[in-house]
Amino acid sequence: MKGLIKLFKSSALPSTAERKPRSESALFTTAFADRAGSKTAVPWEARSVEVGATPLPKGRGAKLLEAVWAQDQYMSHLNRESIERMQRFFHFASVSPSRDLIRQDEYGNFMIVQLSGTIGVDRRQPWGEYLRLAETRPGDILGEMSLLDSGIRFSTCTTLTECEIAVLSAEAMDEMMASDASLAASLIALLARKLSLRLRVVSSRLSDNPH
């Protein structure tokens, strides 16, 4: 954890010659920009307009986030004080049913924490058929891999009911690194553990089913 904090601080504070009036980290917004080539990541600001998202009050969003993460094996390590510090970096919104929050094969730079409702996760197969991978529940996190590496989205995530969500963008992640490095380090460490667990589960299933 100390190593992560040191990395974040060094990326957040440029040399004196390079320092601007308000120094900011740009690790998440620029470090992997060349991966997308000529394709631009779809930001939450654009997607929120497209899906007609309605902003939620910060206070309500933070309470919902605290409640769902309190039930999570990993995210429960973030206490109320940490979530109160974190809430200013999130966008909280309500979205109607049948709206694509994330689309397969687009480049992304934000993640979503589901606070209420149900979201369907589907992947389009090469022959055109859609495969339902999951129906999520409050507390689930969507799109965190693309937040971390600005990579391509693996699946489409569509609201099946009215949903309340919390959104963290790459720009907000950089701002958190610059202004609260210990909090950013804690969040990224927990996301990494959740991703590692997910990959181990997938790897185990593939090993059990070689065909």
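Residues numbered from 1 in each chain as written. Predicted model: local features only at pLDDT ≥ 70, side-chain atom pairs only at ≥ 80, totals over all residues. Heavy atoms only, no water.

## Things to note about the nonpolar core
Here is step 1: Ranked by internal contacts, the top residues of the largest apolar core, which has 32 residues, are Leu65, Trp69, Phe90, Val113, Leu168, Met176 and Leu187.
Here is step 2: If one sorts the elements of this core by residue count, helix H8 (residues 181-208) sits on top with six residues.
Here is step 3: Grouped together as the second largest cluster of nonpolar side chains are 16 residues, Val95, Ile112, Val121 and Cys163 included. (Core = buried A, V, L, I, M, F, W, Y, C linked by side-chain atoms within 4.5 Å. Buried < 20%, exposed > 50% of the residue type's maximum accessible area, 1.4 Å probe, protein only. Helix = DSSP H or I, 4+ residues; strand = E, 2+ residues; numbered from the N terminus.)

## Things to note about the sheet that holds strand E9 (residues 163-169)
Here is step 1: Strand order in the open sheet formed by five strands is E1-E2-E9-E4-E7, and the pairing between neighbours is antiparallel. Looking at the sheet topology across the chains shown, the edges are occupied by strand E1 (54-55) and strand E7 (141-142).
Here is step 2: Sitting on the sheet, helix H3 (residues 44-51) is in contact with strand E2 (91-95), strand E4 (110-116) and E9, with an inclination near 25 degrees to E2. (Pairing = 2+ DSSP bridges. Contact = heavy atoms within 4.5 Å. Axes fitted to C-alpha atoms, helices over the stretch in contact; angles between N-to-C directions.)

## A few points about a nonpolar patch on the surface
Here is step 1: Taken together, the side chains of Leu131, Leu133 and Phe154 present a nonpolar region at the surface, about 290 Å² in accessible area.
Here is step 2: With respect to the helices, strands and loops of the structure, Leu133 is situated in strand E6 (residues 130-135). (Patch = residues over 30% accessible without salt bridge, like charges linked within 9 Å, V, L, I, M, F, W, Y side chains within 5 Å. Areas by Shrake-Rupley, 256 points an atom, 1.4 Å probe, with all protein chains shown as cover. Salt bridge = Lys/Arg side-chain N within 4 Å of Asp/Glu carboxyl O.)

## Let's talk about the pairing of strand E8 (residues 156-159)
Here is step 1: Along E8, one buried face is formed by Thr156 and Thr158 and the opposite face, lined by Cys157 and Thr159, is buried too.
Here is step 2: Across two bridges, the pairing between strand E3 (residues 100-102) and E8 is antiparallel. Of the residues in E8, the one forming a bridge with Ile102 is Cys157.
Here is step 3: Judged from the four bridges that link them, strand E5 (residues 119-124) and E8 form a sheet pairing that is antiparallel. Across the sheet, the residue bridging to Val121 is Cys157, located in E8.

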